[in-house]
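Working through the structure, step by step
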Amino acid sequence: MPSPIAHLTAGYVIYRMARRHEPEPVVKGIGPLPGLLLVTAGFSLLPDVDSVVGLLTGDFGRYHNNATHSLLVGTAVSLLFGAGMKRWRGDGFRFWTGVALACYGLHVLMDAATWGRGVMALWPLTDNRFRFPFILFYGLHWSQGWLSIRHLWTLFTELLFVLGTVLVIFLRLNRRRLRKSKG
Ligand SMILES: [Zn+2]
């Protein structure tokens, strides 16, 4: 799996795409709340919630990257979240379900493009693990312990991913600004 750095970066991209459709709720005296930002960050990391159990038990391989990395589980969780938001705010079922599913699904797809054993993307229908035929992320290797030099390589490759993403966002913003100034 990639580290939280890469997952949070992907979540931030979804936040940037979604925020035009959903103004942040404003609380009197406090100002706008970063609700959408927190939701995208939370759902981008949510599939790795099982790593807490792995860390606590010291058996990362056994507990991490199983059922929570299923797209079907992600769909169910996102639908529940969307329903909860609709109940709370009166609308937005499709928006919040879509945002949650985009973040959750992207996490699973990124893990499937990471060097490792693949993800149980269709659990509970099958326990089979799926992996893309190409590798985009070197990922974290906890089996090497906390102090492995390999974590530096993980950090380096993911900082490249962050830089590339920031560059794309910057170029898009610049292009939009140019278009506005011309039109
Ligand atoms: Zn993961």
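What this report covers is the structure whose coordinates are included nearby. Every chain's residues receive numbers from 1 upward, in the order its sequence appears when written. Reporting in this predicted model follows two pLDDT cut-offs: at least 70 for local features of residues, and 80 or more for side-chain atom pairs to be given and counted; totals over whole chains, interfaces and linings ignore these cut-offs and use all residues.

Quick look at the environment of Lys-86 now. Within the secondary structure, Lys-86 is located in helix 5 (residues 71–89). Counting other C-beta atoms within 10 Å of each residue's C-beta, where C-beta atoms are placed from the backbone, gives the exposure class: buried for 20 or more, exposed for 12 or fewer, partly exposed between. Note on Lys-86: 16 C-beta atoms within 10 Å, which makes it partly exposed. A sequence separation of 10 residues divides Lys-86 from Trp-96, and the C-alpha atoms of the two residues are 8.4 Å apart. Two residues form a contact once the distance between their C-beta atoms, set from the backbone, is within 7 Å. Among residues more than four places away in sequence, those in contact with Lys-86 are Asp-91, Gly-92 and Phe-93. Every helix listed is a DSSP run of H or I at least four residues long, and every strand listed is a run of E at least two residues long, numbered separately from the N terminus.

Right, let's talk about the nonpolar core for a bit. Any set of buried Ala, Val, Leu, Ile, Met, Phe, Trp, Tyr and Cys residues joined through C-beta atoms within 7 Å is what this text calls a nonpolar core. Ranked by size, the top nonpolar core spans 24 residues in total, and within it Val-99, Ala-100 and Cys-103 carry the most contacts. Mapped onto this core, the elements with two or more residues apiece are helix 1 (4–18), helix 2 (35–45), helix 5 and helix 6 (93–112). Among the elements that make up this core, the one with the highest residue count is helix 6 (nine residues). Apart from residues lying up to four places away in sequence, Ala-100 is in contact with Val-39, Phe-43, Ser-78, Phe-81 and Gly-82.

Lines are fitted to the C-alpha atoms to define the axes, a helix being fitted only along its stretch in contact, and any angle between axes, read from their N-to-C directions, falls within 0 to 180 degrees. Helix 6 packs onto helix 1 with a crossing angle of 150° between their chain directions and a minimal axis gap of 10 Å. When the axis of helix 1 is compared with that of helix 6, the two are roughly antiparallel. The way helix 1 lies across helix 6 gives a crossing that is right-handed. Side by side, helix 1 and helix 6 meet where Ala-6, His-7, Ala-10, Gly-11, Ile-14 and Ala-18 of the first sit next to Val-99, Ala-102, Cys-103, Leu-106, His-107 and Met-110 of the second. Convention used here: angles under 35 degrees read as roughly parallel, angles over 145 as roughly antiparallel, angles from 65 to 115 as roughly perpendicular, and any remaining angle as oblique. Each helix crossing is assigned a hand: it is left-handed if the near helix lies turned anticlockwise from the far helix by less than a right angle, otherwise right-handed if that turn is clockwise.

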